[in-house]
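Descriptive structure summary
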Amino acid sequence: MEHGAPEYTLHLGNIPITFNLATILTLLVTATIVFIIAFISTRNLKLKPTGMQNFMEWVMDFVKGIIKSNMDWKTGGRFHVLGITLIMFIAVANLLGLPFSGIYIHGDLWWKSPTADPVVTLTLASMVTVLATFYGIKLHGLGHYAKTFVQPKAFLLPLKIIEEFANTLTLGLRLYGNIYAGEILLGLLAGLASSTIFGFIGAIIPTMAWLGFSIFIGFIQAFVFTMLTMVYISHKVSEDH
């Protein structure tokens, strides 16, 4: 199905900047859902956690385990909140497009997972790279950080620079590719289901199976992104790098 994207172009002088309104909408919805989950989980804390507080403490312990598997807690503890935010935000963003996938208004696609947009995933990956670089310089100094690009041999400098860009691209495109491919297939199954009564019957089981698989992939990709974020940060801040 051919469709466009609802866009708004802002002109700063002679420079046009185009915004995808559907992506902005779903990003705001994602942030709101994450905030509500965090608020409900922490508004009435108890010594014996139950319900949502129990869920939030499980997430905190899970992310703590990810960090401790990559660096010592004395160094990595400062990234705990970052890890919790990333895994929750990306998990919700990955699943957001599943319930109402394929909402079109005047031929424009208004509802999808924000992580099915490469701009979003590459922005998240770039943020991780910038943050890792910032803390690498902050904790060890600019001189030490610069030396890591010529160690163990100076001729590796071009490869080290390429590696920085490659890590950013792969981190972002891996997330985008998995979520986008899943929503494309769901769209095809939805088109089959709406074609004829036989198409509807034939699409029921594949659609339910793929929805279940997409939920699994959504959580796995949130975990993978958070894990790789901590791996990249550990390479910059650990004492042996």
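Residues numbered from 1 in each chain as written. Predicted model: local features only at pLDDT ≥ 70, side-chain atom pairs only at ≥ 80, totals over all residues. Heavy atoms only, no water.

Under an unreviewed UniProt entry, the name given to the protein chain is ATP synthase subunit a, and the organism recorded is Ureibacillus thermosphaericus. Annotation of the protein chain in UniProt includes, under Sequence similarities (unreviewed entry), the sentence "Belongs to the ATPase A chain family." Among the UniProt annotations of the protein chain, the heading Function (unreviewed entry) holds the following wording: "Key component of the proton channel; it plays a direct role in the translocation of protons across the membrane." (UniProt positions renumbered as here; feature names shortened; annotations may be inferred.)

As for the UniProt feature "transmembrane region" (unreviewed entry) in the protein chain
Feature annotation in UniProt places "transmembrane region" (unreviewed entry) on residues 17-40, 81-107, 119-137, 184-205 and 211-233, given in this structure's numbering. With 83% helix and 17% strand, residues 17-40 has its two end C-alpha atoms placed 37 Å apart. A distance of 33 Å separates the end C-alpha atoms of residues 211-233, which is 100% helix and 0% strand. (Helix = DSSP H or I, 4+ residues; strand = E, 2+ residues; numbered from the N terminus.)

Thoughts on the packing of aromatic side chains
Ring pairs (aromatic) are described by centroid distance and by the angle formed between their planes. Under the defined criterion, the tally for this structure stands at eight aromatic pairs. On the basis of an interplanar angle of 50° and a centroid distance of 5.7 Å, the ring pair of Phe62 and Phe223 is categorised as tilted. Linking Phe62 in helix H2 (residues 51-68) with Phe223 in helix H8 (residues 197-237), this pair joins segments that are 161 residues apart in sequence. In this structure Phe223 comes out as partly exposed when scored by relative accessible area, which is 29%. Plain terms: the ring middles of Tyr176 and Tyr180 are 5.3 Å apart, the flat faces sit at 25° to each other, and that makes the pair stacked. Of this pair, Tyr176 and Tyr180 both sit in helix H7 (residues 157-193), four residues apart, which is roughly one turn of that helix. (Phe/Tyr/Trp six-rings, centres within 6.5 Å; stacked < 30°, edge-to-face > 60°. Buried < 20%, exposed > 50% of the residue type's maximum accessible area, 1.4 Å probe, protein only.)

Some details on the environment of Met52
You can see Met52 is positioned in helix H2. Leave out the neighbours within four places in its chain, and Met52 touches Ile37, Ile40 and Ser41. (Contact = heavy atoms within 4.5 Å.)

Things to note about H2
Taking 1.5 Å of rise per residue, 18 residues should cover 26 Å, and H2 covers 26 Å from first to last C-alpha, within 8% of that figure. Of the positions making up H2, those classed as buried are Gln53, Met56, Val59, Val63, Ile66 and Ile67. End-on view of H2: buried residues confined to an arc of 145°, all on one side of the axis. Those residues of H2 that are exposed and angled more than 90 degrees off the buried face are Gly51, Trp58, Asp61 and Lys68. (Expected span 1.5 Å × (residues − 1). Arc of directions from axis to C-beta.)

Regarding the packing of helix H1 (residues 21-42) against H2
The contact between H1 and H2 brings their axes to 7 Å, and the two run at 110°. In this view, H1 runs roughly perpendicular relative to H2, as classed from their interaxial angle. The handedness of the crossing between H1 and H2 is left-handed. Between H1 and H2, the contacting residues are Ile37, Ala38, Ile40 and Ser41 on the first element and Met52, Gln53, Phe55 and Met56 on the second. Residues belonging to the contact of H1 with H2 are distributed by class as follows: six nonpolar, two polar and no charged. (Axes fitted to C-alpha atoms, helices over the stretch in contact; angles between N-to-C directions. Parallel < 35°, antiparallel > 145°, perpendicular 65-115°, else oblique. Left-handed = near helix turned anticlockwise from the far one by under 90°. Nonpolar A, V, L, I, M, F, W, Y, C, P; charged D, E, K, R; others polar.)

Remarks on the domain arrangement of the protein chain
Partitioning the protein chain into domains gives domain 1 (1-44) and domain 2 (55-238). Taking only C-alpha atoms, the centre of domain 1 and the centre of domain 2 are 17 Å apart. On the side of domain 2, 17 residues touch domain 1, which itself brings 20 residues to the contact. Of the roughly 1700 Å² buried between domain 1 and domain 2 on both sides combined, carbon and sulfur atoms contribute 79%. Viewed at the interface, domain 2 and domain 1 are joined by zero salt bridges. (Domains from an automatic or database assignment. Buried area = accessible area lost by both parts, 1.4 Å probe. Salt bridge = Lys/Arg side-chain N within 4 Å of Asp/Glu carboxyl O.)

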